[in-house]
Amino acid sequence: MVTTGAAVVDRFGLQLTLVLFLSVVVVTLFTALLTAPQRDEISEFYLGNRTMTPLRNGLAMCGDYLSAATLLGSTGLVALTGYDGLLYLCGTAVAWMMVLLLVAEPLRNAGKYTLGDTLALRLKHMQRPVRLALALCTLAITTLYLVAQLVGSVALLTQFTGEPSATTRTLCVVVIGTIVIVYAAIGGMPGATFIQVVKAVMLISGVTVTAVMVLNRFDWNFDALLAAAADNSGSGTRFLEPGLRYGASTTSKLDFFSLQLAIVLGLAALPHVMMRLLAPKSSSVLRSSVVWAMGLVSLVCLAAGILGLGATAIVGRDTIAQTDRKGDAAVLLLAHDLGGAVLTALLSCLAFVTLLAVAAGLTLAAASSLAHDLYGEVIRKGRAKETEELAVARLAAVVIGVLGMLLALISWGANTATLAFLAFAIAASAILPTLIYTLFWRRFTAQGALLSLCGGLLCSVLLVVFSPVVSSTPSSLYPSADFAWFPLQNPGLVSIPAGFLLGWLGSVLSRPETPETYEDFEVRTLVGVD
Amino acid sequence: MSHDPAYQSLRRAHRRFGSRSTAVAVGGFLLYVLLSSFAPGLMNSSLSGHLTLGLALGLGQFVMMAVIVWRYLVHMRTRVTPVTRGLRGLARHHDEVAARGRAAAEPPVAPGAGEFRPW
């Protein structure tokens, strides 16, 4: 068993990881350069290759959707808290159902490059303020999630070297951030797609193979795996019952429900996932792609659950908790036990590539929102030339990347899960109500859109500021201060209904749009204009 | 097109299916979370060995998702795609008729113009 302080891997493992990671990065960087938009066309930069097969599209969607948090964070949560962690994984898979059933096809049929284009079709008269508000929300979500990914890379490095020095930390963030900027700014969507596909294939095969090894260790007896996990968890059968993490009081139970609500509704509204939905050329290809992605996401979630249980069963909860308090090391410890240094190196390389790919997708989504919605339509009022908008998009990718790096360096000790959960809550309470109303509610107006976008954003951020995340508990940002009047750590339970309510209120109080606008829009979402 | 009876019935059927299936998938999951939090006694009842009702329901979520995806594909294939294909053809036909009408109304362009364009 390996308990060498904070480090999981030995020197050989570290070198192997580095070599593997560098080769993946070099190959994908070259491909990103080769497949980069040849002509200066914004459609190619925003949407990439529109004639990909459903399987490849599905892999790219799966790659955008599953972050390193699923691989390391969720499995760690399962390893430490059992049942509650499994619920979390289940929520990740259920959230894709929202995309499949409600969002994907109408959005593609009515969309062009960004979500702003869809909203502008529906709310023609006030499209500039709506685009501005939407760009603001997109920027908030992507920056938070990007910082979470970059801080996650430092946390991952900690697994290898122990607590990194300030120089190592800066170097890690700057190197990862620079690679991300190159993918997004030069490669555009074609480059990002390639790394997503590479990452998805690595993730799916890596996780499945390790899960098969775990099951093989227990002779394919699921009950034996559960028994061993319960025995080594330090809490007996309580490990397989709800409430180990979120069961202390009614408040924490509500907190958990609030988190699940934000995950199920928020993951479907993340900007980089929605941008990916616009790429397929026909709606039948999109349908098959989304179904492929559903299957792949479910497979990864099930396998991650087995990995988490296997980590507790084989390595033991104490070792996992000692190595990393949040449990992020669970998969790597398990890999070391099952397949030695080689498997550990493979999985840690996989984790770094996952970080990189999700960060590239986020940077691209933020850059296209800034360039297309903010610069192209709000500042230049639709008169910008394609080359001009493309230059702005590339510049915006650099700016977002640098901003993300700076924020990650300032807040390197921040809890990545908190940042990601806040991003989900904003997506669920600002973008999702606007999207659902736009697609399905005849009476929706621009005032409603503005109110729900700005209100949802403000509501989620303010509730987190006045929650135990920021003050009043020893683990919060300012432990000595106490202005936490909101008891839950996750604002979703209040902010998501608030977002929907504000959108309704704003629409009812304002003058209705002409009915033809919605009728034309609805025909477009249903029938499509291929 | 929005007053076409075929379009109206498509719209209604699609909305009904979308709202019901989403309610079952997302609502079912949220109900499962609430049951786990507030009715632990029920969820901890053992089915066989270490497999409790809660864990079995968790696996059941994945089965339910698979069933809903299958129903969705069947619904799209049998109810939606044929109708949209017909409506799309209709729209194209209307466009062509309108374009021909416009072409007839507009004065003809000078003969030969636009035929031999330099490249």
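Bear in mind the structure is a predicted one, so any value in this text is a computation, not a measurement.

Participant: Got a minute to help me understand the overall build of chain A in this structure?
Facilitator: Tallying secondary structure elements over chain A gives 19 helices and 0 strands in all. Taken over C-alpha atoms, the radius of gyration comes to 22 Å for chain A, in line with the 24 Å a tight globule of 530 residues would show. If one aligns the C-alpha atoms of chain A with their principal axes, the spans along those axes are about 70 × 55 × 45 Å. Counting across all 530 residues of chain A, residues that qualify as buried make up 63%. Long-range contacts, defined here as pairs at least 24 residues apart, represent 83% of the contacts in chain A between residues at least 6 apart.

Participant: I'm lost on the overall build of chain B in this one. Help?
Facilitator: Counting its secondary structure elements, chain B contains 3 helices and 2 strands. Taking all contacts inside chain B whose residues are at least 6 apart in sequence as the whole, residues at least 24 apart take part in 61%. Counting every atom, chain B has about 7,600 Å² of accessible surface; 65% of that belongs to carbon and sulfur.

Participant: Which parts of the structure should I look at to understand unusual backbone geometry?
Facilitator: Negative phi characterises most residues that are not glycine, and trans characterises most peptide bonds. Residue and element names in this part refer to chain A. Of note, Asp219 is a non-glycine position whose phi angle comes to about 55°, a positive value. Here Asp219 is to be found in the loop between α8 (166-217) and α9 (222-232). A positive phi angle is found at Trp220, which is not glycine, with a value near 55°. Summarising the element assignment, Trp220 is placed in the loop between α8 and α9.

Participant: Sorry if this is basic, but what is going on with helix α12 (residues 283-314) of chain A here?
Facilitator: An α-helical turn contains 3.6 residues, so any two residues separated by three or four positions project in the same direction. Residue and element names in this part refer to chain A. Look at α12: 46 Å from first C-alpha to last across 32 residues, which is about the 46 Å you get at 1.5 Å a residue. For α12, a buried count of 24 out of 32 residues is recorded, marking the element as mostly surrounded by other parts of the structure. Looking one or two residues beyond α12, the residue adopting positive phi is Gly316, at roughly 100°.

Participant: I'm lost on the packing of aromatic side chains in this one. Help?
Facilitator: Here the distance between the centres and the angle between the planes together describe a pair of aromatic rings. For the coordinates displayed, the defined rule picks out 15 aromatic pairs over all chains. Plain terms: the ring middles of Tyr65 of chain A and Trp96 of chain A are 4.8 Å apart, the flat faces sit at 65° to each other, and that makes the pair edge-to-face. Residue Tyr65 of chain A is located in helix α3 (residues 54-65), and its partner Trp96 of chain A is located in helix α5 (residues 83-110); the two are separated by 31 residues in the primary sequence. Judged by its relative accessible area of 1%, Trp96 of chain A falls in the buried class. Relative to Phe444 of chain A, the ring of Tyr437 of chain A has its centre 5.3 Å away and its plane inclined at 40°; by these criteria the two rings are tilted. Phe444 of chain A shares its class with Tyr437 of chain A; the two are buried. Aromatic rings pair up to connect Tyr88, Tyr145, Phe421 and Phe424 of chain A into one cluster. Directly above the aromatic system of Trp70 of chain B lies the positively charged group of Arg71 of chain B, at a separation of 5.2 Å from the ring centroid.

Participant: Please explain the pattern of salt bridges as it appears in this structure.
Facilitator: Two side chains of opposite charge can pair, provided their charged atoms sit close to one another. Residue and element names in this part refer to chain A. What the rule picks out here adds up to 9 salt bridges over all chains. Residues Asp64 and Arg276 are paired through a salt bridge, measuring 2.9 Å at the closest nitrogen-oxygen approach. You can see Asp64 sitting in helix α3 and its partner Arg276 sitting in helix α11 (residues 271-277), a full 212 residues away along the chain. A relative accessible area of 2% places Arg276 in the buried class. Between Glu388 and Arg380 there is a salt bridge, and its shortest N-O distance comes to 2.2 Å. A residue is classified by how much of its surface remains accessible, and Glu388, at 23% relative accessible area, is partly exposed. Each of Asp117, Arg131 and Asp373 takes part in salt bridges that share partners, so that together they form one network.

Participant: When you look at the interface of chain B and chain A in this model, what are you seeing that I'm missing?
Facilitator: You'll often see interface size given as the accessible area lost when the parts meet. In this assembly, 46 residues from chain B lie in contact with 47 residues from chain A. Surface buried jointly by chain B and chain A totals about 4,000 Å² across both partners, of which 75% is contributed by carbon and sulfur atoms. Counting across the chain B and chain A interface gives 2 salt bridges. Here Glu522 of chain A and Arg15 of chain B are joined by a salt bridge, their closest N and O atoms 3.4 Å apart. Counting across the interface, chain B meets chain A through 13 residue pairs in polar contact (both at pLDDT 80 or more).

Participant: Explain the side chain of Thr84 of chain B to me, please; I cannot follow it from the model alone.
Facilitator: Relative to the helices and strands, Thr84 of chain B resides in helix α3 (residues 53-105). Residues contacting Thr84 of chain B, with those up to four places away along its chain left out, are Leu526 and Val527 of chain A together with Leu10 of chain B.

Participant: How should a positive patch on the surface be read in this particular structure?
Facilitator: Residue and element names in this part refer to chain B. On the surface, Arg12, Arg16, Arg20 and Arg79 cluster together to form a positively charged patch. Counting residues per element, the positive patch draws most heavily on helix α1 (residues 5-38), at 3 residues. Mapped onto the elements, Arg20 comes out in helix α1. With relative accessibility at 56%, the residue Arg20 sits in the exposed group.

Participant: I tried to follow the environment of Val297 of chain A on my own but got confused; where do I start?
Facilitator: Residues and elements named next belong to chain A. Along the chain, Val297 turns up in helix α12. Residues Val297 and Val508 lie 211 residues apart in sequence; the distance between their C-alpha atoms is 39 Å. Not counting the four nearest positions on each side in its chain, Val297 is found in contact with Cys62, Tyr65, Leu66, Thr92 and Ala93.

Participant: What's the story with the side chain of Thr438 of chain A in this structure? I'm lost.
Facilitator: Residues and elements named next belong to chain A. Mapped onto the fold, Thr438 is located in helix α16 (residues 416-440). On the accessibility criterion, Thr438 (1% relative accessible area) is buried. In contact with Thr438, not counting residues within four places along its chain, are Leu119, Arg122, Phe444, Tyr518 and Phe521.

Participant: Would you mind showing me how to read the packing of helix α19 (residues 515-527) of chain A against α1 of chain B here?
Facilitator: How two helices sit against one another is set out by the angle between their axes and by the gap between those axes. Following both chains from N to C, one finds α19 of chain A and α1 of chain B inclined at 70°, their axes separated by 11 Å at the closest point. The pairing of α19 of chain A with α1 of chain B is recorded here as roughly perpendicular in orientation. Each of Tyr518, Glu522, Val523, Leu526 and Val527 of chain A in α19 of chain A lies in contact with α1 of chain B, whose residues at this interface are Tyr7, Leu10, Arg11, His14 and Arg15 of chain B. Of the residues assigned to the contact of α19 of chain A with α1 of chain B, the class counts are 6 nonpolar, 1 polar and 3 charged.

Participant: Would you mind showing me how to read a nonpolar patch on the surface here?
Facilitator: A cluster of nonpolar side chains, namely Leu451, Leu501, Trp504, Leu505, Val508 and Leu509 of chain A, defines an oily patch on the protein surface of about 580 Å² accessible area. Structurally, Trp504 of chain A is set in helix α18 (residues 492-509).

Participant: Where do I start with the environment of Met275 of chain A in this structure?
Facilitator: With respect to the element layout, Met275 of chain A can be found in helix α11. Spatially, the C-alpha atom of Met275 of chain A lies 9.8 Å from that of Met61 of chain A, the residues being 214 residues apart in sequence.

The rules behind each value
Within any chain, residue numbers begin from 1 and follow the written order of that chain's sequence. To label them, take the chains in the order written and letter them from A, then take the ligands in the order written and number them from 1. Per-residue local features of the predicted model are confined to residues with pLDDT of at least 70, and side-chain atom pairs are confined, for both listing and counting, to 80 or more; whole-chain, interface and lining totals are unaffected and use all residues. Think of the side-chain values as coming from all heavy atoms in the structure, minus any hydrogens and water. In this text, helices come from DSSP runs of H or I with a minimum length of four residues, and strands from runs of E with a minimum of two, each type numbered from the N-terminal end. C-alpha atoms define the radius of gyration in this analysis, and the globule rule sets the expected value at 2.2 Å times the number of residues to the power 0.38. Only protein chains enter the accessibility calculation, which uses a 1.4 Å probe; a residue whose area is less than 20% of its type maximum is buried, one above 50% is exposed, and one in between is partly exposed. Contacts are residue-level and defined by heavy atoms, with any inter-residue pair within 4.5 Å sufficient. For accessible areas, the Shrake-Rupley method is used with a probe of radius 1.4 Å. Any residue's cover is judged against the shown protein chains and nothing else. In this analysis, the expected span of each helix is defined as 1.5 Å times one less than the number of residues it contains. In this scheme Phe, Tyr and Trp rings, the latter by its six-membered ring, pair at centre separations within 6.5 Å, and the angle between planes marks the pair as stacked below 30 degrees, edge-to-face above 60, and tilted otherwise. Whether a charge sits over a ring depends on NZ of Lys or CZ of Arg being within 6 Å of the ring centre and within 35 degrees of the ring normal. Any Lys or Arg side-chain nitrogen located within 4 Å of an Asp or Glu carboxyl oxygen qualifies as a salt bridge. In this description, buried area is defined as the sum, over both parts, of the accessible area (probe of 1.4 Å) that is lost when the two are combined. The term polar contact refers here to a pair of N or O atoms within 3.5 Å; inside protein, the definition further demands a hydrogen-donor-capable atom paired with an acceptor-capable atom, and it admits residues adjacent in sequence only when both atoms are side-chain atoms. Only residues whose relative accessible area exceeds 30% and that form no salt bridge are eligible for patches; like-charged ones are grouped when within 9 Å, while nonpolar side chains (Val, Leu, Ile, Met, Phe, Trp, Tyr) are grouped when within 5 Å. In this tally Asp and Glu are treated as negative and Lys and Arg as positive; neither His nor the chain ends contributes. Charged side chains are reduced to one point each, which is NZ for Lys, CZ for Arg, CG for Asp and CD for Glu. Between the N-to-C directions of two axes lies an angle of 0 to 180 degrees, each axis being a line fitted to C-alpha atoms and, for a helix, fitted only over the stretch in contact. Our angle categories are set so that under 35 degrees counts as roughly parallel, over 145 as roughly antiparallel, 65 to 115 as roughly perpendicular, and the remainder as oblique. Lys, Arg, Asp and Glu make up the charged group, whereas Ala, Val, Leu, Ile, Met, Phe, Trp, Tyr, Cys and Pro make up the nonpolar group; the residues left over, Gly among them, are polar.

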